[in-house]
Amino acid sequence: MRRAVLLAFLFLASPAAAEQLVSGVSQDLIQITSTYKGSDIVVFGAIEGQEPGEPRTRRDIVVVVRGPESDITVRRRDRVAGVWINHDAAKLSGMPAYYFLASSRPLKDIAPQNALTHYSIGLQNLQPDTVHSHHDYEPFRQAALRHLTKDKLYTETGGVEFLSETLFRAHVPVPAGVARGQYKVEVYLFRDGEVQSAQSTPLFIDQTGLERRLYNFAHNQPFGYGLAAVAMAVIMGWISSLLFRRPT
Amino acid sequence: MEIYLPIAEMSVQWIVILGMGLGVGFLSGLFGVGGGFLLTPLLVFYGIPSGVAVATTLSHITASSISGAVTQWKKRAIDFKMAGVMLAGGLVGTGVGVWLFAIMRRAGQMDLVVSLTYVPMLGIIGGIMLRESLRTLRARRSGNAPARIHPVNHVWIHGLPLKARFRQSRLYISVIPPIVIGFLVGAMSAIMGVGGGFIIIPAMIYLLRMPTNVVIGTSLVQIIGVAIVTTLLQATSNYAVDIVLAAILVVGGVVGAQFGVRAGAKLRGEQIRFLLALLVLAVALRLLWGLVVTPADFYSIGGS
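Residues numbered from 1 in each chain as written. Chains lettered and ligands numbered in written order. Predicted model: local features only at pLDDT ≥ 70, side-chain atom pairs only at ≥ 80, totals over all residues. Heavy atoms only, no water.

**A look at the sheet that holds strand S12 (residues 181–191) of chain A**
Residues and elements named next belong to chain A.
At step 1: Pairing is mixed across the open sheet formed by 6 strands, whose spatial order is S2-S13-S12-S4-S7-S9. A single partner strand is all that each edge strand has here, and the edge strands are strand S2 (29–32) and strand S9 (154–157). The sheet shows a mean angle of 15° between the axes of neighbouring strands, direction not considered.
At step 2: Where strand S7 (residues 99–103) lies against S9, 4 bridges are found, and the strand directions are parallel. In the sheet register, Tyr-99 faces S9, and the bridge partner there is Tyr-154. (Pairing = 2+ DSSP bridges. Helix = DSSP H or I, 4+ residues; strand = E, 2+ residues; numbered from the N terminus. Axes fitted to C-alpha atoms, helices over the stretch in contact; angles between N-to-C directions.)

**Here we look at the packing of aromatic side chains**
Residues and elements named next belong to chain A.
At step 1: Applying the stated rule across the entire model yields 6 aromatic pairs over all chains.
At step 2: Through pairs of rings, three or more aromatic residues link up here, namely Tyr-119, Tyr-188 and Phe-190.
At step 3: Lying across the ring of Tyr-215, Arg-180 places its NZ or CZ 4.1 Å from the centre. (Phe/Tyr/Trp six-rings, centres within 6.5 Å; stacked < 30°, edge-to-face > 60°. Lys NZ or Arg CZ within 6 Å of the ring centre and 35° of its normal.)

**Regarding the packing of helix H1 (residues 14–31) of chain B against helix H2 (residues 36–46) of chain B**
All names here are of chain B.
At step 1: Direction vectors running N to C along H1 and H2 enclose 165°, while the axes themselves pass 10 Å from each other. Accordingly, the angle class assigned to the pair H1 and H2 is roughly antiparallel. Note on packing geometry: the crossing formed by H1 with H2 is right-handed. Packed against H1, whose contacting residues are Val-16, Ile-17, Met-20, Val-24 and Leu-27, the element H2 presents Leu-38, Leu-39, Leu-42, Leu-43 and Tyr-46 at the interface.
At step 2: Residue classes in the contact of H1 with H2 are distributed as 10 nonpolar, no polar and no charged. (Parallel < 35°, antiparallel > 145°, perpendicular 65-115°, else oblique. Left-handed = near helix turned anticlockwise from the far one by under 90°. Contact = heavy atoms within 4.5 Å. Nonpolar A, V, L, I, M, F, W, Y, C, P; charged D, E, K, R; others polar.)

**Re the environment of Lys-184 of chain A**
Residue and element names in this part refer to chain A.
At step 1: Note on placement: Lys-184 falls in strand S12.
At step 2: A residue is classified by how much of its surface remains accessible, and Lys-184, at 26% relative accessible area, is partly exposed.
At step 3: Counting along the chain gives 118 residues from Lys-184 to Arg-66, while the straight-line C-alpha distance between them is 5.2 Å. (Buried < 20%, exposed > 50% of the residue type's maximum accessible area, 1.4 Å probe, protein only.)

**Side note on the pairing of strand S2 (residues 10–13) of chain B**
All names here are of chain B.
At step 1: Sheet topology places strand S1 (residues 2–5) next to S2; 4 bridges connect them, and they run antiparallel. Residue pairing for S2: Leu-5 is matched across the bridge by Met-10.
At step 2: The antiparallel hairpin formed by S1 and S2 contains 4 residues in its connecting segment, where Glu-9 sits at a positive phi of about 55°.

**A short note on the interface of chain B and chain A**
At step 1: Chain B puts 56 residues into the contact, and the matching count from chain A is 54 residues.
At step 2: Between chain B and chain A lies a buried interface of about 4,800 Å² when both sides are counted; carbon and sulfur atoms form 64% of it.
At step 3: At the junction of chain B and chain A, the tally comes to 0 salt bridges.
At step 4: Our count for the chain B to chain A interface comes out at 2 residue pairs in polar contact (both at pLDDT 80 or more).
At step 5: Considering every element that reaches the side of chain B that touches chain A, the biggest residue donor is helix H10 (residues 243–265) of chain B, with 13 residues. (Buried area = accessible area lost by both parts, 1.4 Å probe. Salt bridge = Lys/Arg side-chain N within 4 Å of Asp/Glu carboxyl O. Polar contact = N/O pair within 3.5 Å; in protein donor to acceptor, adjacent residues only side chain to side chain.)

Below, the structure written as structure tokens:
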């Protein structure tokens, strides 16, 4: 919520700034079909109103794609009586289900820590809204970052390419295991460690066609759906016993 | 060759899933077990969320069990009365199991409970079957007439009230032991996505003393009943049945089961029991391994 207010503020404030950011996304809707195995979207843009002859190194672009907020429960195993059991748990609420970050330079060179924390830019600056835990949740948060990075749901790369002085582009891989919902594509223009301009574009990821209908069926008429699953299993089992009638 | 699963919300290689269904179906036709105790861990290992794996495996169990049951029925090797009595206990057990499932999920202790109950249970059952089948195999090899399964005197079983005659099994026993066995298996099937054949079959052979030829068909009927009811409960309470995943598993399962039944016909009872014992012990060891070996990562991410 805080982030949204900040972004809105930036939008209002940016006309006054000397440099303007213009950006776009190659797709604003990703449809998950039966053959979906992940896809790539391209975030591109340009820095406008640049004074000629200024050294480029002082400007930086950060592209962030955030998935819908989700609750992540992390459990820790401890040895109790010689057996490893899930002992402690922390529930981190309000973490994005998907987080992709690409920057033109390493984040620590782009902006001071407090600015990065402010906009939650960078995996290490992602903080849950609320935490249910009896202990310090930091190791649990680190474990969540580690696991989600391994599943390619959390990514932090330096993948912003400048095609010219002002044109830039970043490839955003969207893996097959992403959650459905509304995503946000954010592009930040940093100058001297401060956000000069920012843009946020929504991106929708949804199931389509048969997948969508099956999902709705399962949730709207669960009993009918269950019956359909049972009927499918019964009929297939019965047909197979007819097809494979033993020769004896 | 990937296909997207609408409920699991992930893409899978359908050929791998088909292979799993085929392999487990073969074992299920061979031994007359549902194979859930193998399929559920396989699916979880592949990356399917465990709730979906537990619920969807039941469709596979239903289909391969029906496929096997029709074949057994043609051989008149089903004791429907016994199956009905066990099913009565099984349905109550299913209700209790779904309730326990929800409690354990909330506490995050699903894996622990599954492992802690599986290891001793599978270890004991596997051990008994292995010893018995080896003894019979050895006796046959040395030319002696194969010894009957050594009768343990279950006097307490015969002292129970509510006796009934089970014509097909040539038994006159109390209905209480079959109901209790059915109840336990029903509860397990809801909690772990297993049909429970690997418990039912030894229990029928060694506790109830049913003739081996009726055991497989009868356990299949009981398993079908429990699996159908559990599928409906999982679909309505957890929305966890993935029909696309189920369809792939079922196609593999029913084909595999037919080959399994045929392979089983070529083997003698004690040989089948020997192989099943090895399989059961292998699963027990695998679970024990997971309990005592220091995990590579102490942290895991679970559902809410």
